[in-house]
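What the coordinates show
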Amino acid sequence: MLSASLTSNLIAQEEEEREMALLPLGEGREEVFYLCSACHSIKTVVQQKLSREVWDETLDYMVSEQGMPELDEEDRLKILNYLGTHVSPENSP
Amino acid sequence: MAKNEHSWNRRNFLMRTGGASAGLIFGMAIPFARNMPASFLPIALAQDASNIPGKVGLTELNDRPLNAETPAHLLDDTITPTNRHFIRNNGNPPEDVDLNSWRLTIDGLVENILSFSIDDLKNQFDVVSYDLLVECGGNGRAFFDPPARGNQWTYGAVACSNWTGVRLSDVLKAAGVKPEAIYTAHESADTHLSGNPDLQPLSRGLPIDKAMDPYNLIAFEQNGEALHPMNGAPLRLVVPGWPGSCSQKWLNRIFLRDQVHDGAKMTDTSYRVPSYKVSPGEKVATEDFQIIEAMPVKSLITHPETMKSVSESMLEVRGHAWAGDTSIKSVDVSHDFGATWQKAELTSPNNAHAWQRWSAQINLPEKGYYEIWAKATDANGISQPFAIDWNPKGYLNNSLHRIAVKRV
C-alpha cells in the first residue's frame, strides 16, 4: 500500500508530464511550461491560438494584472517566439 | 513558485476514488494500467468528459482554474439542472467552506454597515426563487477570427437555473445607500492563482440602477439545493442578463462607491468592448473600450444534437432564447441556409430574466445534409446577426446558432 503522500507525489508527477505533453517540441518549451504552469494549467495556453502580437499583449497583461514576474529580455523573447510559433492560428497543438 | 493545490481537479478525484492512481478501481486491478495514456480515465469512471464531482457531461476547458462548458444538446431542460450548469472560475475557489460561519458585509457609502450570516439573510429578508439566465461574457469566443485571448468557449457558457436567495436591492436598502454612491463593488473568498494575497482574482461591480433590479439575488440555493462548490457555495450573486462575472461567486463583501468600481477585471479591456464598430483584427486604444452591460439577444438550439442523422421528414427543433435586460419577441428557424424562415412557437419566460423556450416542426423534403439555423428577435426588434461583431477580447458573440442534420 502506497502512503498517501507518495501517491500524491506520483500523481502530481503524472499530471506534470501530462501537462508538458500538451506543448509541442520546440525552443522555449520548458520555459513556457514552468512560467505558465506556476499559476495555471497548460490547457489555458494551448486552447488559445493567438497571433504573436496578441501573445505579446498577453505577456504584458500577465505582468501588469496577474502577478507574473517581469521577465528578462532574453527569456521573454524566447517565450514569445515559442508561443507565436507553436501556439498560433497556423500551428495549434 | 509552488503549484497551487486544490481539491476539484482530476488528481484529487483519482485520489478520492481510493485507488493508488488509476491502477485499482472497484477493488479490481486494471491489468494494463501502465499502457493507458495519461490523459485517459478508465471508462468506468468517465461518465462525463470532465469528471468534475457533481457535474455530468461538461467539456473542461481548463482544470486550473477550472472552466467547463455544457454541450448545447445537454442544455435542453427549461430549468438547467445544477449538474449541467457551466463553471467559470477566475481563481482558486475557497476550500472547507463553512455554511454557519460565512459572513457577508455591506459597507462603503452606506448609512449602516451591516454584516450577515446566511441565516440572518434568510430571517431578515424575503426569500424568493426565480429562473435566472447567467451567461459568460466570453461565450462564443472560440469562433473569433482573428482569435481573441481567453477561454475558448463555444456555445455552452450559459444556463438558466432556479435560484433562491434574498433580493440584492432589499439588502442594499437595509444598509441605506448614500446619495453619492453610484456603483457597487463585489468581493469574494476565492484566491488569486499566483498565490499573491494582495491580488484578487475578480472583483466586479454594478451601477446602482442595475443593482436595484429586483431580480438580482444574493443566492444560497440552486434548484432547491445548496449551491454547488464550483457555482459559488455557500453564497453568490446572481445578476441575470449581464456578463456572468457580475454574479460574484463565494460572495463575502459588497461595498458602495462614488466611482465606477476599479477592482480586478473591471479596468482596461476586461469585460469591455470598443465604443465603436471595429474591423476584425483592428487595434483599439484602451481608452476606447467601454464596460459591457446588458448582454445581447441570443438563442441556442438544444434539440436535436448537431451532426445527428434522422430518417423522418418532420423534425422537431427546439431550444431557448434570451436577451439581456429585455425579453424575446420571436424566434425564426431556417433549414435552407437562411433562404426561407419559419416562425417558431415561443413561450413566455417563467419570470423576467429567464430564458424562453421555442420549438418548431421542420420539414426536410428529401435526403441530404441540412443546417438548422435559429434567429431570435428581442422586444426592441433587434435580431441576432449572421456574422460575429468582432472585438479584440472576444466578447458578446451572439451570432446565430447553426446545427447540422443529415436526413438518411
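Counting its regular elements, chain A contains five helices and zero strands. Starting at the N terminus, the α and β elements of chain A follow one another as α-α-α-α-α. Taking the contacts inside chain A whose residues are at least 6 apart along the sequence as the reference set, 64% of them involve residues at least 24 apart.

With that settled, the discussion passes to the overall build of chain B. Secondary structure assignment for chain B yields four helices and 25 strands. The buried share among the 408 residues of chain B stands at 48%. Excluding contacts between residues fewer than 6 apart, the proportion of contacts in chain B whose partners are at least 24 apart in sequence is 67%.

Next up on the list: the interface of chain B and chain A. Tallying the contact residues gives 22 residues for chain B and 26 residues for chain A. Those elements giving two or more residues to the side of chain B that touches chain A turn out to be α1 (10-16) and β3 (59-63) of chain B. Taken together, the residues of the side of chain B that touches chain A break down into eleven nonpolar, seven polar and four charged.

So, on to the pairing of strand β14 (residues 251-257) of chain B. Residues and elements named next belong to chain B. Sheet topology places strand β6 (residues 104-108) next to β14; four bridges connect them, and they run parallel. Bridging across to β14, Ile-106 finds its partner in Ile-254. Where strand β10 (residues 183-188) meets β14, six bridges bridge the pair, whose relative direction is antiparallel. In the sheet register, Ser-188 faces β14, and the bridge partner there is Leu-251.

Here we come to the sheet that holds strand β5 (residues 87-88) of chain B. In spatial order, the strands read β3-β4-β5 (chain B); together these three strands make up an open sheet with antiparallel pairing. At either margin of the open sheet sits one strand with a lone partner, and together these are β3 and β5 of chain B.

Of all residues in chain A, 92% have pLDDT values of 70 or greater, and the mean over the chain is 90. Per-element confidence in chain A is highest for helix α5 (residues 73-86) of chain A, whose mean pLDDT is 97, and lowest for helix α1 (residues 4-20) of chain A, whose mean pLDDT is 81.

Our next topic: the packing of helix α4 (residues 52-66) of chain A against α5 of chain A. Residue and element names in this part refer to chain A. Contact pair α4 / α5: the axes reach a minimum separation of 9 Å and the direction vectors enclose 135°. Between α4 and α5, the crossing angle belongs to the class labelled oblique. Judged by the sense of rotation from one axis to the other, the crossing of α4 with α5 is right-handed. Taken together, the residues of α5 that come into contact with α4 (itself represented by Arg-52, Trp-55, Asp-56 and Leu-59) are Arg-76, Leu-80, Leu-83 and Gly-84.

With that settled, the discussion passes to unusual backbone geometry. Residues and elements named next belong to chain B. Residue Pro-65 is reached from Arg-64 by a cis peptide bond, and omega for that bond is 5°. Inspection of the secondary structure assignment puts Pro-65 in the loop between β3 and β4 (66-69). Put simply, Ala-233 and Pro-234 share a cis peptide bond, and its omega is 10°. Looking at where Pro-234 falls in the secondary structure, it is placed in the loop between β12 (225-226) and β13 (236-238). Of note, Asp-268 is a non-glycine position whose phi angle comes to about 50°, a positive value. As for its placement among the helices and strands, Asp-268 is situated in the loop between β14 and β15 (272-274).

The next thing to look at is the sheet that holds strand β18 (residues 308-310) of chain B. Residue and element names in this part refer to chain B. Spatial strand order, β18-β25-β24-β20-β21: five strands in an open sheet with mixed pairing. A strand with exactly one partner marks an edge of an open sheet, and here the two such strands are β18 and β21 (342-343). As defined by bridge partners, strand β20 (residues 328-334) adjoins β21 across two bridges and the pair is classed as antiparallel. Across the sheet, residue Val-333 finds its bridge partner in β21, namely Gln-342.

So, on to the nonpolar core. By size, the foremost hydrophobic cluster in this structure holds 87 residues, and its most contacted members are Leu-132, Ile-218 and Ile-372 of chain B. Of the domains in this structure, domain 2 (104-291) and domain 3 (297-407) of chain B are the two that each give at least three residues to this core. Excluding residues that lie within four positions of it along the chain, Ile-218 of chain B makes contacts with Leu-121, Gly-165, Val-166, Leu-168, Val-171, Leu-235, Leu-237 and Leu-251 of chain B. If you look at the next biggest cluster of nonpolar residues, it comprises twelve residues, including Leu-35, Val-45, Leu-50 and Tyr-82 of chain A.

The subject of this paragraph is the environment of Ala-374 of chain B. Residues and elements named next belong to chain B. Relative to the helices and strands, Ala-374 is located in strand β24 (residues 368-378). The spatial distance from the C-alpha of Ala-374 to the C-alpha of His-303 is 12 Å, given a sequence separation of 71 residues. Apart from residues lying up to four places away in sequence, Ala-374 is in contact with Ser-299, Ile-301, Gly-319, Val-331, Val-333, Leu-400 and His-401.

This part covers the packing of helix α2 (residues 29-37) of chain A against α5 of chain A. Residue and element names in this part refer to chain A. Two numbers describe how α2 lies on α5: the axes approach to 9 Å, and their chain directions differ by 100°. The orientation of α2 with respect to α5, classified from their angle, is roughly perpendicular. Residues Arg-29, Glu-31, Val-32 and Leu-35 of α2 lie in contact with α5, whose contacting residues are Asp-75, Lys-78, Ile-79, Tyr-82 and Leu-83. Partitioning the contact of α2 with α5 into residue classes produces five nonpolar, no polar and four charged.

Definitions and cut-offs
Residues numbered from 1 in each chain as written. Chains lettered and ligands numbered in written order. Predicted model: local features only at pLDDT ≥ 70, side-chain atom pairs only at ≥ 80, totals over all residues. Helix = DSSP H or I, 4+ residues; strand = E, 2+ residues; numbered from the N terminus. Contact = placed C-beta atoms within 7 Å. Buried ≥ 20, exposed ≤ 12 C-beta atoms within 10 Å, placed from the backbone. Nonpolar A, V, L, I, M, F, W, Y, C, P; charged D, E, K, R; others polar. Pairing = 2+ DSSP bridges. pLDDT = per-residue confidence, 0-100. Axes fitted to C-alpha atoms, helices over the stretch in contact; angles between N-to-C directions. Parallel < 35°, antiparallel > 145°, perpendicular 65-115°, else oblique. Left-handed = near helix turned anticlockwise from the far one by under 90°. Core = buried A, V, L, I, M, F, W, Y, C linked by C-beta atoms within 7 Å. Domains from an automatic or database assignment.

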